[in-house]
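# Coordinates in review
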Amino acid sequence: MELRQVRYFVVVAEELHFGRAAGRLHIGQPTVSQQSRRLEREFGSRLFDRTTRTVTLTPAGRVLLPYARALLDAERAASEAMTGLRRERDATLRLGTSAGLGSRLEKTLSALAEHAPTLLVELVVLPLGARLRHVRDGELDAAFVRGAHSLPGLEVLPLWEEELVAALPARHPLAADPEVAAADLAGLPLRIATHEENPPLVSAVTAACRAAGFEPTPGPAFTNDQDTLAAIAAGRPAWTVYYAAQAAIQPAPGVAFRPFAAPAPTVLTSLAVRPHPPSPELAALLESCHGLDADNHP
């Protein structure tokens, strides 16, 4: 007995007409008749009484019908279960990211692996403008952004406030303390990106300096992690800032990372998504992010 024969039998039993059954099945009527007769020979019983005008179920056909439907229901359920398993196995979350997430990103991905162990994550590093454009176009499922409270055409979901830490020469007297007050940095040049390059970071640091009663003294431009930190370690005294999660994994011989005394400057990290109900993959990411934030803020 083949499942297609069972399917043909059920459709004929519902239509009580071989022609209409063939139409529903999108096959020729001779095929339906032929397979029905093969099923009858296998069971050794007629399943239909046929005349030139009517088709009716025999007693054997009436007995078989509920079992045949149960077989087809089981086939459908098995197919749906395997399809769901395949979708879960093949699901991929395309996530836009940027430098500076550091240990936060590692912990988020670790939590996500626990929530959705079969989910594949594709990390895409792009400048902010390209990241947001890819989310709007559907090429990315979501993207981490900093300092944004609203974005045209996107929903901004706040995740956490990231504290900033000061990076100082390890030999500097301020590095001997467990934390540094912003006011104590007034005499040191600040090496930082331009406002155009990183508005939320520069705004947060400038606001912290002004709250401490001074304007930061501009130092040489921040070029890249390696060169800038090497210059701070070995050159004239200067300072810069790092996101705390990035500083936690940043190799920097000769540099001391110190938290700011309260109130420490912070930058909001959010997730930019399209304004639609979240996919299962995105929902798993959000759960992981919020769970991570709850662990860090008891």
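Overview of the structure. Keep in mind the model is a prediction, meaning the values are calculated, not measured.

## Digging into the environment of Tyr-8
Position of Tyr-8 relative to the elements: it lies in helix H1 (residues 3-15). For the pair Tyr-8 and Val-32, spaced 24 residues apart in sequence, the C-alpha to C-alpha distance is 6.3 Å. The contacts of Tyr-8, once residues within four sequence positions are left out, are Leu-25, Ile-27, Thr-31, Val-32 and Gln-35.

## A short note on the packing of H1 against helix H2 (residues 18-25)
Geometrically, a packed helix pair is captured by the angle between its two axes and the distance between the axes. At their nearest, the axes of H1 and H2 sit 8 Å apart, and the two run at 125 degrees to each other. On the basis of the axis angle, H1 is oblique to H2. The hand of the H1/H2 crossing is right-handed. Counting all contacts with H1, which are made through Arg-7, Tyr-8, Val-11, Val-12, Glu-14 and Glu-15, the residues of H2 involved are Phe-18, Arg-20, Ala-21, Arg-24 and Leu-25. Considered class by class, the residues forming the contact of H1 with H2 number six nonpolar, no polar and five charged.

## Quick word on the environment of Glu-287
Looking at the secondary structure, you find Glu-287 in helix H10 (residues 280-296). Expressed as a C-alpha distance, the spacing of Glu-287 and Arg-136, which sit 151 residues apart in the sequence, is 22 Å. A distance of 3.3 Å separates the side chain of Glu-287 from the side chain of His-115, its partner in a polar contact.

## Looking at the packing of aromatic side chains
Given two aromatic rings, their pairing is described by the distance between the two centres and the angle made by the two planes. As enumerated under the stated definition, the model contains six aromatic pairs in all. Look at Phe-9 and Phe-48: their rings are 5.4 Å apart centre to centre, the planes differ by 50 degrees, and that puts the pair in the tilted class. Of this pair, Phe-9 sits in helix H1 while Phe-48 sits in strand E1 (residues 48-50), placing them 39 residues apart in sequence. On the accessibility criterion, Phe-9 (1% relative accessible area) is buried. Relative to Phe-260, the ring of Trp-239 lies with its centre 6.4 Å away and its plane at 70 degrees, an arrangement referred to as edge-to-face. Of this pair, Trp-239 sits in the loop between helix H8 (225-234) and strand E9 (240-243) while Phe-260 is found in the loop between strand E10 (255-259) and strand E11 (266-273), placing the two residues 21 residues apart along the sequence. Overall, the relative accessible area of 2% leaves Trp-239 in the buried class. Taken together, the ring pairs connect Phe-9, Phe-18 and Phe-48 into an aromatic cluster.

## Regarding the layout of surface pockets
Volume-wise, the largest pocket comes out at about 800 Å³. As for the largest pocket, its lining consists of 30 residues, and the residues nearest its centre are Ala-99, Arg-146, Glu-197, Asn-198 and Tyr-243. Looking at the lining of the largest pocket, the elements that each hand over two or more residues are helix H6 (128-136), strand E5 (142-146), helix H7 (199-211) and E9. Among the elements that line the lining of the largest pocket, the one with the most residues is E9, at four residues.

## Regarding the pattern of salt bridges
In the structure shown here, the tally under the stated rule is 12 salt bridges. As a salt-bridge pair, Arg-24 and Glu-14 come within 3.1 Å of each other at their nearest N and O atoms. Remark: Glu-14 occurs in helix H1 and Arg-24 occurs in helix H2; sequence separation between them is 10 residues. Close ionic contact of Arg-104 with Glu-162 constitutes a salt bridge, the shortest N to O distance being 3.6 Å. A residue pair is termed long-range when its members are at least 10 positions apart, and Arg-104 in helix H5 (residues 102-115) and Glu-162 in strand E6 (residues 155-169) qualify at 58 residues. Glu-162 sits in the buried class, given a relative accessible area of 4%. Beyond isolated ion pairs, a larger network of salt bridges with shared partners links Glu-14, Glu-15, Arg-20, Arg-24 and Arg-69.

## Quick look at the packing of H2 against helix H3 (residues 29-43)
Axis separation between H2 and H3 bottoms out at 8 Å; the angle between their running directions is 105 degrees. Judged on the interaxial angle alone, H3 and H2 are roughly perpendicular. Contact residues: Phe-18, Gly-19, Ala-22 and Leu-25 in H2; Gln-29, Val-32, Ser-33 and Ser-36 in H3. Within the contact of H2 with H3, the residues separate by chemical class into four nonpolar, four polar and no charged.

## So, unusual backbone geometry
A cis amide bond links Ala-262 to the next residue, Pro-263, at an omega of 0 degrees. With respect to the helices, strands and loops of the structure, Pro-263 is situated in the loop between E10 and E11. For Leu-16, which is not glycine, the phi dihedral falls at a positive 50 degrees. As for its placement among the helices and strands, Leu-16 is situated in the loop between H1 and H2. Despite not being glycine, His-26 shows a phi value in the positive range, around 60 degrees. Position of His-26 among the secondary structure elements: in the loop between H2 and H3.

Here is what the cut-offs are and how they apply
- In this convention, every chain numbers its residues from 1, walking through the sequence in written order.
- In keeping with the model being predicted, local features are shown solely for residues with a pLDDT of at least 70 and side-chain atom pairs are shown and tallied solely at 80 or more, while totals for entire chains, interfaces and linings include all residues.
- For side-chain calculations, the full set of non-hydrogen atoms in the structure is used, while hydrogens and water are omitted.
- Numbering of helices and strands runs from the N terminus, with a helix taken as a DSSP run of H or I at least four residues long and a strand as a DSSP run of E at least two residues long.
- Note on contacts: a residue pair qualifies if any of its non-hydrogen atoms lie within 4.5 Å across the two residues.
- Axes here mean lines fitted to C-alpha atoms, for a helix over just the part in contact, with angles spanning 0 to 180 degrees between N-to-C directions.
- Oblique is the label for any angle not covered by the other classes, which are roughly parallel (under 35 degrees), roughly antiparallel (over 145) and roughly perpendicular (65 to 115).
- Left-handed describes a crossing whose near helix is turned anticlockwise from the far helix by less than a right angle; the clockwise case is right-handed.
- Amino acids are sorted into nonpolar (Ala, Val, Leu, Ile, Met, Phe, Trp, Tyr, Cys and Pro), charged (Asp, Glu, Lys and Arg) and polar (every other residue, Gly among them).
- A 3.5 Å cut-off defines polar contacts: any pair of N or O atoms within that distance qualifies, except that in protein one atom must be a possible hydrogen donor and the other a possible acceptor, and neighbouring residues in sequence count only when both atoms are side-chain atoms.
- Note on aromatic pairs: the rings of Phe, Tyr and Trp (six-membered ring only in Trp) are paired at centre separations within 6.5 Å, and the planes decide the class, stacked below 30 degrees, edge-to-face beyond 60, tilted for the rest.
- We call a residue buried when its accessible area falls under 20% of the maximum for its residue type, exposed when it is over 50%, and partly exposed in between, using a 1.4 Å probe and counting protein chains only.
- Cavities and pockets are defined on a 1 Å grid built over the protein atoms alone: a cavity is a set of grid points where a 1.4 Å probe fits but cannot escape, while a pocket is an open set with protein on both sides within 12 Å along at least five of seven lines, and lining residues are those with an atom within 4 Å of any such point.
- Grid points are joined across faces, edges and corners, and a volume is the space filled by probe spheres set on the points.
- Here, a salt bridge means any Lys or Arg side-chain nitrogen found within 4 Å of an Asp or Glu carboxyl oxygen.

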